[in-house]
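Given next are the chains, with one letter for each unit.
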Amino acid sequence: MARFTAASALGLSFALSAAVLAPRTDALTNLKSDWDAYTSQLVIPDVIDMTGGGHIDMQIGRTTHNWTDSTSGEDTVVSGEIYGYALKNATPAFPGPTIKVAKGVPISVAWYNELPVPHLLDDSVESTIAIAESHCYPYCGVPTVVHVHGLESPAKYDGLPLRTIYQNQSQNFVYLNNQSASTRLYHDHANGLTRLNVWAGLMGIYIIQDADTEAAINVDVDTDLPLMIADRLINDSGSLMYSDDNCQAGVTRWVPESYGSVNTVNGVVMPFTEVPPAQVRLRIANGANARHYNLTVPFASQCQLIAKDSGFVQVPEDVPTQLVIYPFERVELLCDFSSDADGTTYDLVDIPTVSVTTTYDPRIMQFRISDALKTANMTSRTLPASLVQRKDLKKLYQELGGKNRSIILGEMDVSTNCPTKSLIRYRGVEINSTTIKNTLVCTKGKVEKWHFQNPTDDSHPFHWHVVNAQCGASDDEVDTNGLKDVVVIPNAGSDRASNVVTQICYVACTPDEFLIEGSERGAAEYNFDTSEPYVAHCHILEHEENNMMSLFQLTDKDDDAPNDDGSTSTTNEITTTVILSAMGMSVLGAIATSLSVL
Ligand SMILES: [Cu+2]
């Protein structure tokens with residue numbers, strides 16, 4: 001359909017804002033709480049093998065999804081409507097099929113928006129947040145766009161929130177895949193609807209394979225399981241619900257975080273899976289909107305951590321018995337069950353560290369050792385001492401003369417400590433991708449040093465599109481073993497101090513291939529046009545959608561501004577700016593009386 005005009009957008013704005021105060025009809029009643037754990041079988045998403053390159057047509061659609069299966073103790077299979085991805089004429093699935101590509105082999109994907117109106121979570125659509133590209137909902141269908149998290153793509157193929165695909169439209173994206181072997185994710189990124197579209201099911205796994213390298217380091221084992229963990233709210237009849245845990249009910253439908261009451265793995269509620277008594281590779285991804293997992297891994301001593309977000313770690317790590325994973329982070333474990341007896345079971349559970357009003361079942365899934373699955377070629381192999389050799393980012397920062405920048409992650413609160421929005425501040429200015437007051441920048445071909453402050457009550461998983469980072473609580477604690485595209489920025493503590501740097505990040509605004517020791521790629525050699533902006537944002541989707549997202553631009557040269565390493569703005573400057581900008585926010589229910597950045 002044709003893009004609507006500015007005049008009609010204004011009309012829509014008026015019409016839709018009148019609906020904001022309408023009562024929700026899907027209040028969280030009848031949440032199902034009597035789930036049988038570990039009785040439904042884990043589903044492994046279909047794999048679309050694109051390692052030879054080529055093109056596929058993919059649909060974004062709606063379907064009925066089974067949360068449990070007939071082996072569960074439920075009287076009937078529990079099912080409900082979801083959004084999902086699929087090949088054009090197949091049935092949409094949550095998560096979508098796994099797209100497997102080969103390093104260096106480009107593919108193209110045409111994404112078709114076949115989502116019907118109204119939105120599956122229509123009662124949670126907040127028109128003051130679904131601005132610009134999505135404000136035409138429902139007249140333009142359910143806006144959507146597909147971002148492959150962690151890919152180095154031209155902005156026009158990155159699935160940015162500014163690249164909406166409207167109802168019955170499609171967009172053709174080219175993915176170059178010129179990156180290291182890694183587990184990436186694809187998911188919705190529609191402006192103002194991301195949190196609802198993803199919660200409804202729009203996510204999947206995207207694997208970059210490097211067969212020769214993976215064989216050489218003995219990680220190409222037979223049993224390779226993607227595990228997309230996501231908490232959800234599901235009622236007694238199987239309907240998917242979204243949080244109404246809103247401290248400003250009647251003012252906005254935006255909630256500060258949506259937490260589920262039950263965990264799904266690959267779309268199945270608390271499943272079990274059988275694994276052979278052999279080496280098993282687990283690709284664990286957190287697909288939750290807001291929940292970070294504190295995974296208790298009872299077989300941790302039998303595993304080694306082999307990869308983080310953007311590829312293999314340099315040296316395999318021991319796996320802690322509690323593995324913390326924030327939204328859209330990934331870790332890969334190589335576990336050896338070869339000495340476990342047939343029938344041995346291991347339960348993976350969460351130890352929640354956030355207090356939420358909604359009840360929560362922390363069980364996640366069960367692994368069962370099954371001798372029947374073992375084949376003769378499953379011999380345990382030893383990992384080499386080093387999986388990959390990467391350049392030292394801190395040294396590159398020094399050698400290449402990278403910039404120092406200071407970033408503040410903050411939030412606006414009303415007097416009841418109720419957040420009205422999140423925010424990012426840089427050089428004394430509040431920035432976000434909706435008002436485009438400023439843009440976070442990074443000099444292409446450099447490694448920069450970013451100093452993060454976080455005077456809020458939450459830790460924020462910060463995600464840069466197109467680039468990677470290595471971070472630590474201090475300069476001496478930077479994790480140089482792995483490469484990350486989501487980094488947790490811890491909060492400063494209960495006093496919400498705004499002058500404490502809680503995380504130092506070396507941000508490599510270079511292709512990730514350049515960072516491999518001996519690579520022939522140049523530091524600025526992306527091999528595609530990088531002149532258009534990307535975004536950087538908190539990956540708690542409710543935060544991202546309410547202003548904790550900024551445009552993010554790779555610049556060809558340094559901006560010549562002085563370094564601002566760890567510097568903070570004066571209190572007056574922050575106060576004035578924040579109040580003025582906050583007053584313009586239509587979700588603000590009252591004059592802000594406390595500012596976390598003060
Ligand atoms: Cu956040």
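Undergrad: I tried to follow the pattern of salt bridges on my own but got confused; where do I start?
TA: Applying the stated rule across the entire model yields 26 salt bridges. Note that Lys88 is salt-bridged to Glu114, the shortest N-O span being 2.7 Å. Remark: Glu114 occurs in the loop between strand 5 (107-113) and strand 6 (146-149) and Lys88 occurs in the loop between strand 3 (79-87) and strand 4 (98-102); sequence separation between them is 26 residues. Of the residues examined, Lys88 reaches a relative accessible area of 24% and is grouped as partly exposed. Taking the relative accessible area as the measure of exposure, Glu114 reaches 33% and is therefore partly exposed. Taken together, the salt bridges that share partners define one network made up of Arg184, Asp309, Glu329, Arg330, Lys484, Asp485 and Asp512.

Undergrad: Can you help me understand the state of the cysteines in this one?
TA: Linking two cysteines covalently via their sulfur atoms produces the bond known as a disulfide. Across all of its chains, the model carries four disulfides by this definition. Shown here is the disulfide that connects Cys136 with Cys140, its sulfur atoms set 2.1 Å apart. Looking down the S-S bond of the Cys136 and Cys140 bridge, the torsion is 80°, so its handedness is right-handed. Looking at Cys136, the relative accessible area reads 2%, which means it is buried. The disulfide that involves Cys303 links it to Cys335, with 2.1 Å between the sulfurs. On the sign convention where negative is left-handed, the bridge of Cys303 and Cys335, at about 105° about the S-S bond, is right-handed. Taken as a pair, Cys303 in strand 17 (residues 303-308) and Cys335 in strand 20 (residues 330-336) lie far apart in primary sequence, 32 residues in all. The same class applies to Cys303 as to Cys335, namely buried.

What counts, and where the lines are drawn
- Residues numbered from 1 in each chain as written.
- Predicted model: local features only at pLDDT ≥ 70, side-chain atom pairs only at ≥ 80, totals over all residues.
- Heavy atoms only, no water.
- Salt bridge = Lys/Arg side-chain N within 4 Å of Asp/Glu carboxyl O.
- Helix = DSSP H or I, 4+ residues; strand = E, 2+ residues; numbered from the N terminus.
- Buried < 20%, exposed > 50% of the residue type's maximum accessible area, 1.4 Å probe, protein only.
- Disulfide = S-S within 2.5 Å.

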